[in-house]
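# Coordinates in review
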Amino acid sequence: MAGMPKQAPHLTAQEVRAISKTGYHAVGGVSGLILQVSKQGSKSWILRTVIGAKRREVGLGSFPEVSLANARILAGELKQQIKEGFDPVVERERKQREIREAQTKNTTFQEVAEQFIEKKTKEFKETSRAKQRQRLENSLSRYAYPIIGKLPVVEVERDNVLRV
């Protein structure tokens, strides 16, 4: 029939398992559900769909952790939510931002300082690297850690730094 959208063949779980060619493979069952095979051979599920006016690719997880049946269920649920005005990409980004913010709130000054020392040490000249690192650690241990070491980074203010 002219004008009808092309339907992907409805693959079985066994057929999906056998796919090894790099690229995108429609698996049928839900329009836009695709198995992506990387050059390294790893497989992941993608839902290609239009959200608002944008064509988007929404990751649904890796295969075989997410089975074909579960990928179809997930894709169907997401398509329904998208019809109702939900954008899964925006929602995922919002949740990740919240997680990062929560982790940052709990990170202490001392933890951040130790991460900084680890990165900064690589920049020191090799001949004096150990000495410079020790000097930095000693200064922070003596002056900063007793006053602000246990404070969450987000709570460190100018007055705290001046006390150090």
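This text goes with the structure placed above it.
Residues numbered from 1 in each chain as written. Predicted model: local features only at pLDDT ≥ 70, side-chain atom pairs only at ≥ 80, totals over all residues. Heavy atoms only, no water.

### Here we look at the nonpolar core
Nonpolar side chains tend toward joint burial in soluble globular proteins. Formed by 21 residues in total, the largest nonpolar core has its most connected members in Val-16, Val-27, Leu-33, Leu-35, Trp-45, Val-58 and Leu-60. Where this core is concerned, the elements lending two or more residues are β2 (33–37), β3 (43–51), β4 (54–63) and α2 (68–83). If you tally residues by element for this core, the top one is α2, at 5 residues. When sequence neighbours within four positions are dropped, the list of residues in contact with Leu-33 reads His-25, Ala-26, Val-27, Gly-28, Trp-45, Ile-46, Leu-47, Leu-60, Ala-71, Arg-72 and Ala-75. (Core = buried A, V, L, I, M, F, W, Y, C linked by side-chain atoms within 4.5 Å. Buried < 20%, exposed > 50% of the residue type's maximum accessible area, 1.4 Å probe, protein only. Helix = DSSP H or I, 4+ residues; strand = E, 2+ residues; numbered from the N terminus. Contact = heavy atoms within 4.5 Å.)

### Here's the deal with the sheet that holds strand β1 (residues 23–26)
Spatial strand order, β1-β2-β3-β4: 4 strands in an open sheet with antiparallel pairing. The open sheet has two edge strands, β1 and β4, and neither has a second partner. Between one strand axis and the next, the sheet turns through 30 degrees on average, direction left out of account. Relative to the sheet, α2 contacts β2, β3 and β4, its axis offset from that of β3 by approximately 20 degrees. Along the sheet, helix α3 (residues 88–106) makes contact with β3 and β4, crossing β4 at roughly 60 degrees. (Pairing = 2+ DSSP bridges. Axes fitted to C-alpha atoms, helices over the stretch in contact; angles between N-to-C directions.)

### Thoughts on the pairing of β2
Most of β2 sits out of view: 4 of its 5 residues are buried. Between the antiparallel neighbours β1 and β2 lie 6 residues, among them Gly-28 with a positive phi of about 75 degrees. Sheet topology places β2 next to β3; 5 bridges connect them, and they run antiparallel. Its bridge partner being in β3, Gln-36 is matched across the sheet by Ser-44. With antiparallel pairing between neighbouring strands as the criterion, β2 and β3 make up a hairpin whose turn holds 5 residues, including Gly-41 at a positive phi of roughly 100 degrees.

### Details of the environment of Gln-134
One can find Gln-134 in helix α5 (residues 129–148). On the basis of relative accessible area, Gln-134 is assigned to the partly exposed category, the value being 39%. The spatial distance from the C-alpha of Gln-134 to the C-alpha of Thr-121 is 9.8 Å, given a sequence separation of 13 residues.

### Some remarks on unusual backbone geometry
Backbone geometry follows two general trends: most residues other than glycine have a negative phi, and most peptide bonds adopt the trans configuration. The omega angle of the peptide bond from Phe-63 to Pro-64 is 15 degrees, so this bond is cis rather than trans. Locating Pro-64 in the fold gives a position in the loop between β4 and α2.

### Regarding the pattern of salt bridges
The tally for this structure, following the rule as stated, stands at 6 salt bridges. Salt-bridge contacts for Arg-56 lead to Asp-87; the nearest nitrogen and oxygen are separated by 3.4 Å. Of this pair, Arg-56 sits in strand β4 while Asp-87 sits in the loop between α2 and α3; the two residues are 31 residues apart in sequence, bridging distant segments of the chain. For the pair formed by Arg-56 and Asp-87, the shared burial category is buried. Its salt-bridge partner being Arg-133, residue Glu-137 comes within 3.0 Å of it at the nearest N-O pair. Residue Glu-137 and its partner Arg-133 are both found in helix α5; the two are separated by 4 residues, about one turn of the helix. Given a relative accessible area of 26%, Glu-137 falls into the partly exposed group. Owing to a relative accessible area of 22%, Arg-133 belongs among the partly exposed residues under this scheme. Salt bridges sharing partners connect three or more residues here, namely Glu-91, Arg-94 and Glu-98. (Salt bridge = Lys/Arg side-chain N within 4 Å of Asp/Glu carboxyl O.)

On their own, these measurements won't tell you what the molecule is for.
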